[in-house]
Amino acid sequence: MLNAPASMEKLIWIMAQLRDPDKGCPWDLKQDFASIVPYTLEEAFEVAEAIENQDFAELEKELGDLLFQVVFYARLGEEKNYFAFEHVLHAICEKLIRRHPHVFADTSFDSEEQIKANWENEKAKERHQKNQQQSLLDDIPKALPALAQAAKIQKRCAHVGFDWDNVGDVFAKVKEEVAEVEHELEQTEVNQQALNEEIGDLLFAIVNLSRHVKQDPEQLLRQANRKFSKRFNYIEQHHFRNNLDIQKSSVDFLEQLWQQAKKQT
């Protein structure tokens, strides 16, 4: 198998060798489900970064790293007699076929909205069968990044009709939350807890605005981070080239450089 062509079978075999109690890798043998979660998240973000950078040579490598995480979990599950890789494959194949009756059965939908509604209905059935949960929000992962978690909460609520009718109402809510933050900041003695809550409400409203214009807030903020970093780097490079100390530059001078950076990025 060591010299066999690359395949899923070979990757599964490699994972088994790494976890072999007698001859395996000490680091891999120490891992459990919880310990490799940070690596899984890191690999997922590296996949996202490669896509954002349109670095498809790097994406090829990062997808392999992410696939290895799935194989690692499957191996741990097999060792504990929880499940095996074949069960993972069965579960995803069955789910995708069931959630796409317009592709794999005779069902037809008239619009993308109807397709999405069917997808959400199927997910709701799965959640009910799995947990008999009392709330639509019960199984939203607490470990999700806050922006992604807010978007998922809002999406679930919107599916049952708890949502604004149009983007104008959503934007009005954003402005309302901005005014409430401003009100707290204008107090003679700022109530930090109240201010924190209002800023949180504003962020939640911004996520809702992103969702209503059909954009992922997590991706939008990542894009903004990259844009800001690129422009700030322009300011830094100007200081490096001219042997200047950025900490001694005036706000007006930094703003002038910032405007120059905006024209170039």
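Numbers given for residues are sequential positions, taken from 1 along each chain in its written order. Where totals are concerned, whole chains, interfaces and linings use all residues; where local detail is concerned, this predicted model gives features only for residues with pLDDT of at least 70, and gives and counts side-chain atom pairs only at 80 or more. Just so you know, side-chain values use all the structure's heavy atoms and leave hydrogens and water out.

1. Some words on the overall build of the chain
Only DSSP runs of H or I covering at least 4 residues are called helices, and only runs of E covering at least 2 are called strands; the numbering of each starts at the N terminus. Check the secondary structure of the chain and you find 12 helices and 0 strands. When the elements of the chain are put in sequence order from the N terminus, they spell out α-α-α-α-α-α-α-α-α-α-α-α. Compactness check: the chain gives a C-alpha radius of gyration of 25 Å against a globular reference of 18 Å for 265 residues, more than 25% above the reference. Expressed along its principal axes, the backbone C-alpha trace of the chain runs to roughly 65 × 55 × 40 Å. Only protein chains enter the accessibility calculation, which uses a 1.4 Å probe; a residue is then buried when its area is under 20% of its type maximum, exposed when over 50%, and partly exposed in between. Each of the 265 residues in the chain was classed as buried or not, and the buried ones make up 25%. Two residues form a contact once any of their heavy atoms are found within 4.5 Å. For the chain, contacts bridging at least 24 residues in sequence account for 50% of all contacts bridging at least 6. Accessible surface area values rest on a Shrake-Rupley calculation with a 1.4 Å probe, where residue burial reflects the displayed protein chains alone. Accessible surface, the chain as shown: approximately 18600 Å² in total, 56% of it carbon and sulfur. In this count, Lys and Arg are taken as positive residues and Asp and Glu as negative ones, while His and the chain termini are left out. A single reference atom marks each charge: NZ on Lys, CZ on Arg, CG on Asp, CD on Glu. For the chain, the separation between the mean place of its 32 positive charges and that of its 47 negative charges on side chains is 3 Å. Throughout, radius of gyration means the C-alpha value; the globule benchmark is 2.2 Å times the number of residues raised to the power 0.38.

2. Details of unusual backbone geometry
Residue Gln 54 is not a glycine yet carries a positive backbone phi of 50°. Positionally, Gln 54 belongs in the loop between helix H3 (37-52) and helix H4 (56-79).

3. Examining the packing of helix H8 (residues 146-159) against helix H11 (residues 217-241)
Here the axes come from fitting lines to C-alpha atoms, over the contacting stretch only for helices, and the angles between their N-to-C directions go from 0 to 180 degrees. The contact between H8 and H11 brings their axes to 8 Å, and the two run at 150°. The pairing of H8 with H11 is recorded here as roughly antiparallel in orientation. When H8 is examined against H11, the residues Leu 147, Ala 148 and Ala 151 are found in contact with a partner set consisting of Pro 217, Glu 218 and Leu 221. The nonpolar class holds Ala, Val, Leu, Ile, Met, Phe, Trp, Tyr, Cys and Pro. Asp, Glu, Lys and Arg form the charged class, and all remaining residues, Gly among them, are polar. For the contact of H8 with H11, a count of residues per class yields 5 nonpolar, no polar and 1 charged. Any angle from 65 to 115 degrees is called roughly perpendicular, while one under 35 is roughly parallel, one over 145 is roughly antiparallel, and all others are oblique.

4. Some points on the layout of surface pockets
We place a 1 Å grid over just the protein atoms. Points where a 1.4 Å probe fits but has no way out form a cavity, open points with protein on both sides within 12 Å along at least 5 of 7 lines form a pocket, and any residue with an atom within 4 Å of a point lines it. Grid points are joined across faces, edges and corners, and a volume is the space filled by probe spheres set on the points. Taken as a whole, the largest pocket spans an internal volume of roughly 810 Å³. Forming the walls of the largest pocket are 19 residues, and the residues nearest its centre are Lys 116, Lys 155, Ala 158, Arg 211 and Lys 214. Looking at the lining of the largest pocket, the elements that each hand over two or more residues are helix H7 (112-131), H8 and helix H10 (192-212). If you add up the space inside the second largest pocket, you get close to 540 Å³. Lining of the second largest pocket is provided by 14 residues; of these, Leu 41, Ala 44, Pro 141, Leu 144 and Pro 145 occupy positions nearest its centre. At the level of secondary structure, the elements contributing two or more residues to the lining of the second largest pocket comprise H3 and H11. Of the residues forming the lining of the second largest pocket, the biggest block, 5 residues, is contributed by H3.

5. A word on the environment of Leu 67
Along the chain, Leu 67 falls in helix H4. Overall, Leu 67 belongs to the partly exposed group, its relative accessible area being 34%. For Leu 67, the residues in contact, after removing those within four places along its chain, are Met 8 and Leu 11.

6. Remarks on the environment of Ser 250
With respect to the element layout, Ser 250 can be found in the loop between H11 and helix H12 (251-264). Residue class for Ser 250 comes out partly exposed when judged on its relative accessible area of 41%. Within polar-contact distance, the side chain of Ser 250 engages the backbone nitrogen of Phe 253 at 3.1 Å. We define a polar contact as two N or O atoms separated by no more than 3.5 Å, with the added condition that, inside protein, one atom must be a possible hydrogen donor and the other a possible acceptor, whereas residues neighbouring each other in sequence contribute only through side-chain atom pairs.

7. Points about the nonpolar core
Among buried residues, those of type Ala, Val, Leu, Ile, Met, Phe, Trp, Tyr and Cys that are joined through side-chain atoms within 4.5 Å constitute a nonpolar core. Within the largest apolar cluster, 9 residues are counted, these being Leu 11, Met 15, Ile 36, Val 71, Phe 72, Tyr 73, Ala 74, Leu 76 and Phe 85. Those elements that place two or more of their residues in this core are helix H1 (8-18) and H4. Of all the elements, H4 adds the most residues to this core, at 5 residues. Setting aside anything within four residues of it in sequence, one finds Leu 11 in contact with Leu 67, Phe 68 and Val 71.

8. A few points about the packing of aromatic side chains
Between the rings of Phe, Tyr and Trp (Trp by its six-membered ring), a pair exists once the centres lie within 6.5 Å; its type follows the angle of the planes, with under 30 degrees stacked, over 60 edge-to-face, and the other angles tilted. Tallied over the entire structure, the rule returns 7 aromatic pairs. Consider the rings of Phe 33 and Tyr 82, whose centres lie 6.2 Å apart with planes at 25°: the pair is stacked. Pair noted here: Phe 33 is in the loop between helix H2 (26-30) and H3 and Tyr 82 is in the loop between H4 and helix H5 (85-99), with a separation of 49 residues, a long-range link. Residue Tyr 82 is classed as exposed on the basis of its relative accessible area, which comes to 56%. With a centroid separation of 6.5 Å and an interplanar angle of 50°, the aromatic rings of Phe 33 and Phe 83 are classed as tilted. A residue pair is termed long-range when its members are at least 10 positions apart, and Phe 33 in the loop between H2 and H3 and Phe 83 in the loop between H4 and H5 qualify at 50 residues. Using a relative accessible area of 27% as the deciding quantity, one classes Phe 33 as partly exposed.

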